[in-house]
Amino acid sequence: MPESSILVTGGCGYIGSHVVRQLSECGYQVVIIDNLSTGSKENLIYDEKLVVGDISDSKLVESVFSQYRFDAVFHFAASIIVPESVKMPLKYYRNNTVNSINIFDACIRYGVNKIVFSSTAAVYGENELLQVTEDSPLNPTNPYARSKLMDEYVLSDMRAALPNLSYVILRYFNVAGSDLLGRIGPRNPNATHLIKVACEAALGIRDKVTIFGTDYPTHDGTCIRDYIHVEDLAKAHLESYRYLRDGGDSIVLNCGYGRGLSVREVLKAVELAHRKPIKVSEGYRRIGDVSSVIANSNRIKKLLNWRPVYEDISSIVESAYHWEKKLIRNSNSERRIFSVNQSLGREVT
Ligand SMILES: NC(=O)c1ccc[n+]([C@@H]2O[C@H](COP(=O)([O-])OP(=O)(O)OC[C@H]3O[C@@H](n4cnc5c(N)ncnc54)[C@H](O)[C@@H]3O)[C@@H](O)[C@H]2O)c1
Ligand SMILES: O=c1ccn([C@@H]2O[C@H](COP(=O)(O)OP(=O)(O)O[C@H]3O[C@H](CO)[C@@H](O)[C@H](O)[C@H]3O)[C@@H](O)[C@H]2O)c(=O)[nH]1
């Protein structure tokens, strides 16, 4: 029987690849399924085993589960853009709910009884609370959030039917930043996330950043979010796995720091990293957005051996900013090689 490993769906994506990197650095064997729709092979720096394919493909999923012996599944693969989910709801219910069931079903059939699942703070929706706990009312306001909440219900029902199964559902708040050594980071060129967009605007990839709504009932009229560094979030996954291996029961955990920052405050932090003002315009509210969502993170601190390390917004923004700079440097040097080869009449592959 082959040595047991961890299956990571969506492991070439932004968050998944940081988790894969940390798992490899801790000596775990990792197998990844990714269709590379938004992820990239370049995010795998330790040459982990990658199966390029779609989790909707039952035959492919079957062949992966039958080929390896998995101790756990970390399920990241999903579509993640809130405004797109409002325009294309079925894409989200299909990829995030139906396709997740495909993976969960394989877990049951192959006796994989530990699942770490990527959920979202978006399941809380609009709320009047200073901080949301895992037991706060759930009121998702867009198809993306509802598609993820359905997965949570599916896992909870599976657990009720199969006492051997245990899961950790991690409700991520707003994830940002990148690997501190600048090896991996968010690569999607069509990013919509505030910090990436603002860094791109600072560095001239976009001409400006637009604030979506300045009339929210918050201290400066812009939306408030709890931004978490991707390195801290990745660590929460490794600790979740250890918790499950130690026999921990199924749980839902908020992954945030418990402090909220407005859009304007985030833009200030980007200007500080850039050491110059960035071009900002004020626009209308974006459909599907809620005014404020901040984590109460007492439970994760109590149940896992997890303590935030990069809580300061400047750490998050600086790593994001340096990553964007590196992407620009790399694409410029690729362009230079391309034009040198062209002028030498070489075929460029
Ligand atoms: N980024 C955030 O702020 C945030 C917040 C809350 C929750 N999440 C959740 O975290 C997870 C990862 O998000 P991310 O930001 O890394 O996004 P991402 O788009 O970078 O990563 C998703 C990965 O899944 C792959 N993928 C998508 N559909 C697939 C399919 N059908 N089959 C195989 N591979 C598929 C993509 O190619 C990509 O590599 C998602 O489940 C998302 O809902 C993200
Ligand atoms: O160009 C931009 C981009 C964003 N925003 C605002 O910035 C805030 C954060 O937006 P964004 O970075 O797009 O994240 P969210 O829409 O809050 O959603 C993220 O965070 C959620 C958890 O809170 C996850 O579920 C989602 O997957 C993830 O996209 C929101 O108020 C947006 O209106 C702007 O004003 N201008």
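Keep in mind it's a predicted model, so treat the numbers as computed, not measured.

1. Some words on helix α2 (residues 58-67)
Inference 1: Those residues of α2 that fall on the buried side of the exposure criterion are Leu60, Val61, Val64 and Phe65. With its buried residues spanning 130 degrees around the axis, α2 presents them on a single face.
Inference 2: Buried residues along α2 sit against β1 (4-9), β2 (30-34), β3 (49-52), β4 (69-75) and α4 (89-109).

2. As for a positive patch on the surface
Inference 1: On the surface, Arg275, Lys276, Lys325 and Arg329 cluster together into a positively charged patch.
Inference 2: By secondary structure assignment, the location of Arg329 is in helix α10 (residues 313-343).

3. Some words on the nonpolar core
Inference 1: Val8, Ile15, Leu23, Phe74 and Ile195 are the most contacted members of the largest nonpolar core, which totals 63 residues.
Inference 2: Considering every element that reaches this core, the biggest residue donor is helix α7 (residues 230-245), with eight residues.
Inference 3: Apart from the residues within four sequence positions on either side, Val8 is in contact with Val20, Leu23, Val30, Val31, Ile32, Ile33, Phe74 and Phe76.
Inference 4: With 26 residues, the next largest nonpolar core counts Ile33, Val73, Phe104 and Cys107 among its residues.

4. A word on the site of ligand 1
Inference 1: Ligand 1 sits among 29 residues. The nearest are Asp34, Thr38, Phe76, Tyr144 and Lys148.
Inference 2: A distance of 3.1 Å separates an oxygen atom of ligand 1 from a polar backbone atom of Gly39.
Inference 3: Here an oxygen atom of ligand 1 sits 2.7 Å away from a polar atom, N or O, in the side chain of Tyr144.
Inference 4: If ligand 1 stood free it would expose 830 Å²; the protein chains cover 95% of that surface.
Inference 5: Listed by contribution, the elements that provide at least two residues to the shell around ligand 1 are α1 (14-25), α4, β5 (114-120) and α5 (143-161).
Inference 6: With three residues, β5 is the largest single contributor of residues to the shell around ligand 1.

5. Notes on the packing of aromatic side chains
Inference 1: Scanning all chains against the criterion turns up eight aromatic pairs.
Inference 2: An angle of 80 degrees between the planes, with centres 5.4 Å apart, marks the rings of Phe65 and Phe70 as edge-to-face. Comparing Phe65 with Phe70 shows no difference in burial state: the two are buried.
Inference 3: Ring centres of Tyr124 and Phe173 lie 6.2 Å apart, and the angle between their planes is 35 degrees; this geometry places the pair in the tilted category.

What counts as what
- Going along each chain's sequence as written, the residues are numbered from 1 onward.
- Numbering of ligands from 1 and lettering of chains from A proceed in the order in which they are written.
- Thresholds applied to this predicted model are a pLDDT of at least 70 for local features of residues and 80 or more for the giving and counting of side-chain atom pairs; totals over whole chains, interfaces and linings are not thresholded and use all residues.
- Working from all heavy atoms in the structure, the side-chain values ignore hydrogens and water.
- Relative accessible area decides the class of each residue, using a 1.4 Å probe on protein chains only: under 20% of the type maximum gives buried, over 50% gives exposed, and in between gives partly exposed.
- A run of H or I in DSSP becomes a helix once it reaches four residues, and a run of E becomes a strand once it reaches two; helices and strands are each numbered from the N terminus.
- Working note: the arc is built from the helix axis to C-beta atom directions.
- Residues count as neighbours in contact if any of their non-hydrogen atoms are within 4.5 Å of one another.
- Like charges within 9 Å and nonpolar side chains (Val, Leu, Ile, Met, Phe, Trp, Tyr) within 5 Å are joined into patches, using only residues over 30% in relative accessible area that form no salt bridge.
- Accessibility throughout is a Shrake-Rupley quantity obtained with a 1.4 Å probe, and a residue counts as covered only by protein chains that appear here.
- Any carboxyl oxygen of Asp or Glu within 4 Å of a side-chain nitrogen of Lys or Arg constitutes a salt bridge here.
- Asp and Glu are treated as the negative residues and Lys and Arg as the positive ones, with His and the ends of the chain left uncounted.
- For this purpose, a charge sits on NZ of Lys, CZ of Arg, CG of Asp or CD of Glu.
- Side-chain atoms within 4.5 Å are what join buried Ala, Val, Leu, Ile, Met, Phe, Trp, Tyr and Cys residues into a set we call a nonpolar core.
- For this description, a residue counts as near a given molecule or strand if any of its non-hydrogen atoms is within 4 Å of it.
- Two N or O atoms count as a polar contact when they lie within 3.5 Å, although within protein this holds only if one can serve as hydrogen donor and the other as acceptor, and sequence-adjacent residues are included solely when both atoms are side-chain atoms.
- For Phe, Tyr and Trp, where Trp contributes only its six-membered ring, two rings pair if their centres lie within 6.5 Å, and the inter-plane angle classes them as stacked under 30 degrees, edge-to-face over 60, or tilted in between.

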